[in-house]
Amino acid sequence: MNRFFSAALCALFVISMSSVDAKAASDAKAGKAIYDTNCAACHKDGVMNAPKLGDKAAWAPRIKQGAAVMTKKSITGFTGKVGMMMAKGGHPNLTDAQVGDAVAYMINQSK
Ligand code: HEC
(Lines give C-alpha, C1' and ligand atoms only; values in the text may rest on other atoms or scores of the structure.)
Protein backbone atom coordinates (compact mmCIF):
# COMPACT_ATOMS: atom_id res chain seq x y z
CA MET A 1 0.00 0.00 0.00
CA ASN A 2 2.74 2.35 1.01
CA ARG A 3 4.70 1.58 -2.10
CA PHE A 4 1.66 2.10 -4.27
CA PHE A 5 1.08 5.45 -2.64
CA SER A 6 4.55 6.75 -3.29
CA ALA A 7 4.45 5.50 -6.87
CA ALA A 8 1.19 7.38 -7.35
CA LEU A 9 2.68 10.51 -5.84
CA CYS A 10 5.68 10.14 -8.07
CA ALA A 11 3.49 9.82 -11.16
CA LEU A 12 1.51 12.88 -10.13
CA PHE A 13 4.74 14.80 -9.74
CA VAL A 14 5.93 13.82 -13.22
CA ILE A 15 2.57 14.74 -14.74
CA SER A 16 2.55 18.13 -13.06
CA MET A 17 6.14 18.79 -14.14
CA SER A 18 5.42 17.97 -17.76
CA SER A 19 2.36 20.19 -17.91
CA VAL A 20 4.48 23.04 -16.56
CA ASP A 21 6.94 22.30 -19.35
CA ALA A 22 4.26 22.37 -22.02
CA LYS A 23 3.04 25.76 -20.84
CA ALA A 24 6.50 27.31 -20.59
CA ALA A 25 7.14 30.07 -23.10
CA SER A 26 9.70 29.42 -25.79
CA ASP A 27 13.22 29.74 -24.50
CA ALA A 28 15.26 31.99 -26.77
CA LYS A 29 18.45 31.28 -24.80
CA ALA A 30 18.18 27.54 -25.38
CA GLY A 31 17.22 28.37 -28.95
CA LYS A 32 20.66 29.78 -29.78
CA ALA A 33 22.38 26.38 -29.68
CA ILE A 34 19.54 24.81 -31.65
CA TYR A 35 19.76 27.60 -34.23
CA ASP A 36 23.55 27.29 -34.49
CA THR A 37 23.47 23.58 -35.27
CA ASN A 38 20.21 23.26 -37.24
CA CYS A 39 19.17 26.56 -38.77
CA ALA A 40 22.29 28.67 -39.34
CA ALA A 41 23.24 26.64 -42.44
CA CYS A 42 20.55 28.56 -44.34
CA HIS A 43 19.64 31.49 -42.12
CA LYS A 44 23.15 32.83 -41.48
CA ASP A 45 23.99 33.67 -45.11
CA GLY A 46 20.58 33.46 -46.75
CA VAL A 47 21.10 30.12 -48.48
CA MET A 48 18.08 29.20 -50.65
CA ASN A 49 16.76 32.76 -50.04
CA ALA A 50 16.24 32.12 -46.33
CA PRO A 51 15.79 35.37 -44.40
CA LYS A 52 19.14 36.16 -42.76
CA LEU A 53 19.42 36.36 -39.00
CA GLY A 54 19.43 40.04 -38.03
CA ASP A 55 17.98 41.28 -41.36
CA LYS A 56 15.23 43.40 -39.84
CA ALA A 57 13.58 44.30 -43.15
CA ALA A 58 13.30 40.65 -44.15
CA TRP A 59 11.95 39.60 -40.77
CA ALA A 60 9.52 42.44 -39.98
CA PRO A 61 6.59 41.16 -42.08
CA ARG A 62 7.23 37.62 -40.86
CA ILE A 63 7.34 38.67 -37.19
CA LYS A 64 4.01 40.45 -37.71
CA GLN A 65 2.33 37.05 -38.10
CA GLY A 66 3.34 36.21 -34.52
CA ALA A 67 5.76 33.64 -33.13
CA ALA A 68 3.11 30.90 -32.97
CA VAL A 69 2.39 31.03 -36.71
CA MET A 70 6.11 31.20 -37.53
CA THR A 71 6.80 28.21 -35.31
CA LYS A 72 3.98 26.19 -36.82
CA LYS A 73 5.23 26.85 -40.35
CA SER A 74 8.77 25.96 -39.31
CA ILE A 75 7.60 22.66 -37.82
CA THR A 76 5.54 21.56 -40.82
CA GLY A 77 7.65 23.22 -43.49
CA PHE A 78 6.23 25.74 -45.93
CA THR A 79 6.62 27.40 -49.29
CA GLY A 80 6.71 31.20 -49.13
CA LYS A 81 7.27 34.08 -51.52
CA VAL A 82 11.02 33.58 -51.88
CA GLY A 83 11.58 29.86 -51.43
CA MET A 84 10.70 26.82 -49.42
CA MET A 85 11.76 25.50 -46.07
CA MET A 86 11.39 21.82 -45.32
CA ALA A 87 9.86 20.60 -42.06
CA LYS A 88 12.04 21.59 -39.09
CA GLY A 89 14.67 22.81 -41.56
CA GLY A 90 15.29 19.17 -42.46
CA HIS A 91 15.98 18.07 -38.88
CA PRO A 92 13.09 15.76 -37.93
CA ASN A 93 14.94 14.79 -34.75
CA LEU A 94 14.14 18.19 -33.24
CA THR A 95 11.10 18.40 -30.95
CA ASP A 96 8.42 20.98 -31.69
CA ALA A 97 9.50 22.84 -28.54
CA GLN A 98 13.10 23.01 -29.75
CA VAL A 99 11.96 24.51 -33.05
CA GLY A 100 9.91 27.03 -31.04
CA ASP A 101 12.99 27.95 -29.00
CA ALA A 102 15.06 28.47 -32.16
CA VAL A 103 12.31 30.64 -33.68
CA ALA A 104 12.20 32.73 -30.48
CA TYR A 105 15.96 33.22 -30.70
CA MET A 106 15.76 34.20 -34.38
CA ILE A 107 12.99 36.72 -33.67
CA ASN A 108 15.00 38.25 -30.80
CA GLN A 109 18.01 38.67 -33.06
CA SER A 110 16.06 40.10 -35.98
CA LYS A 111 13.69 42.72 -34.61
C1 HEC B 1 17.68 24.27 -45.99
C2 HEC B 1 17.57 25.67 -45.63
C3 HEC B 1 16.87 26.04 -44.34
C4 HEC B 1 17.14 25.56 -43.07
C5 HEC B 1 18.18 24.54 -42.64
C6 HEC B 1 16.24 26.26 -42.19
N7 HEC B 1 15.44 27.14 -42.89
FE8 HEC B 1 14.05 28.40 -42.12
N9 HEC B 1 13.65 29.11 -43.98
C10 HEC B 1 14.29 28.71 -45.15
C11 HEC B 1 13.77 29.49 -46.27
C12 HEC B 1 14.21 29.37 -47.72
C13 HEC B 1 12.79 30.37 -45.73
C14 HEC B 1 11.97 31.40 -46.49
C15 HEC B 1 10.84 30.79 -47.28
C16 HEC B 1 9.93 31.87 -47.83
O17 HEC B 1 9.41 32.69 -47.05
O18 HEC B 1 9.71 31.89 -49.05
C19 HEC B 1 12.77 30.11 -44.29
C20 HEC B 1 11.94 30.79 -43.40
C21 HEC B 1 11.94 30.60 -42.03
C22 HEC B 1 11.11 31.32 -41.09
C23 HEC B 1 10.11 32.40 -41.44
C24 HEC B 1 8.74 31.81 -41.42
C25 HEC B 1 7.68 32.77 -41.88
O26 HEC B 1 6.56 32.61 -41.37
O27 HEC B 1 7.93 33.66 -42.67
C28 HEC B 1 11.38 30.84 -39.85
C29 HEC B 1 10.75 31.29 -38.54
C30 HEC B 1 12.36 29.81 -40.01
N31 HEC B 1 12.70 29.68 -41.33
C32 HEC B 1 12.86 29.08 -38.96
C33 HEC B 1 13.83 28.09 -39.10
C34 HEC B 1 14.32 27.31 -38.00
C35 HEC B 1 13.87 27.44 -36.57
C36 HEC B 1 15.25 26.46 -38.51
C37 HEC B 1 16.08 25.41 -37.76
C38 HEC B 1 15.34 24.44 -36.99
C39 HEC B 1 15.34 26.71 -39.94
N40 HEC B 1 14.46 27.71 -40.26
C41 HEC B 1 16.18 26.04 -40.82
C42 HEC B 1 15.27 27.75 -45.26
C43 HEC B 1 15.82 27.03 -44.21
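As shown above, the structure is provided for reference.
The structure reproduced in this document is the subject of the present report. (Residues numbered from 1 in each chain as written. Predicted model: local features only at pLDDT ≥ 70, side-chain atom pairs only at ≥ 80, totals over all residues. Heavy atoms only, no water.)

## Quick notes on helix α2 (residues 28-38)
Among the residues making up α2, those that are buried are A28, G31, I34, Y35 and N38. Each buried residue of α2 lies within a common arc of 105 degrees when the element is viewed along its axis, so the set occupies one face. Seen from the open side of α2, the exposed residues pointing more than 90 degrees away from its buried face are K29 and T37. Those residues of α2 hidden inside the fold are in contact with α3 (40-43) and α6 (96-110). (Buried < 20%, exposed > 50% of the residue type's maximum accessible area, 1.4 Å probe, protein only. Helix = DSSP H or I, 4+ residues; strand = E, 2+ residues; numbered from the N terminus. Arc of directions from axis to C-beta. Contact = heavy atoms within 4.5 Å.)

## What about the coordination of the iron atom of the ligand?
Within the first shell, the iron atom of the ligand binds the protein through H43 (NE2) and M85 (SD), at distances of 2.0 to 2.2 Å. Coordination at the iron atom of the ligand is octahedral, judged from the 6 donor atoms that bind it and the angles of 85 to 179 degrees they form at the metal. Placement of H43 in helix α3 and of M85 in strand β2 (residues 84-85) is noted, with a sequence separation of 42 residues between them. Residue classification places H43 among the buried residues on the basis of a relative accessible area of 10%. The exposure class of M85 is partly exposed, given its relative accessible area of 22%. (Donors = N, O, S within 2.8 Å, 3.2 Å for Na, K, Ca; no water. Tetrahedral: all angles 85-135°; square planar, octahedral: opposite > 155°, others 65-115°.)

## A few points about the site of the ligand
Lining the immediate surroundings of the ligand are 27 residues, of which C39, C42, H43, Q65 and M85 lie closest. Between the ligand and V82, the relevant distance is 2.8 Å, taken from an oxygen atom to a main-chain nitrogen or oxygen of the residue. The contact in question runs from an oxygen atom of the ligand to an N or O atom on the backbone of G83, over 2.7 Å. Going through the elements one at a time, α3, α4 (56-64), α5 (67-76), β2 and α6 are the ones with two or more residues in the shell around the ligand. A per-class count over the shell around the ligand returns 16 nonpolar, 7 polar and 4 charged. (Near = heavy atom within 4 Å. Polar contact = N/O pair within 3.5 Å; in protein donor to acceptor, adjacent residues only side chain to side chain. Nonpolar A, V, L, I, M, F, W, Y, C, P; charged D, E, K, R; others polar.)

## Some details on the pattern of salt bridges
Under the criterion given, the structure shown has 2 salt bridges. A salt bridge links K32 to D36; the shortest N-O distance between them is 2.8 Å. With K32 and D36 both in helix α2 and 4 residues apart, this pair spans about one turn of that helix. The exposure class assigned to D36 is partly exposed, which follows from its relative accessible area of 40%. Linking K88 and D96 is a salt bridge whose minimum nitrogen-to-oxygen distance equals 3.0 Å. Judged by relative accessible area, which is 15%, K88 ranks as buried. (Salt bridge = Lys/Arg side-chain N within 4 Å of Asp/Glu carboxyl O.)

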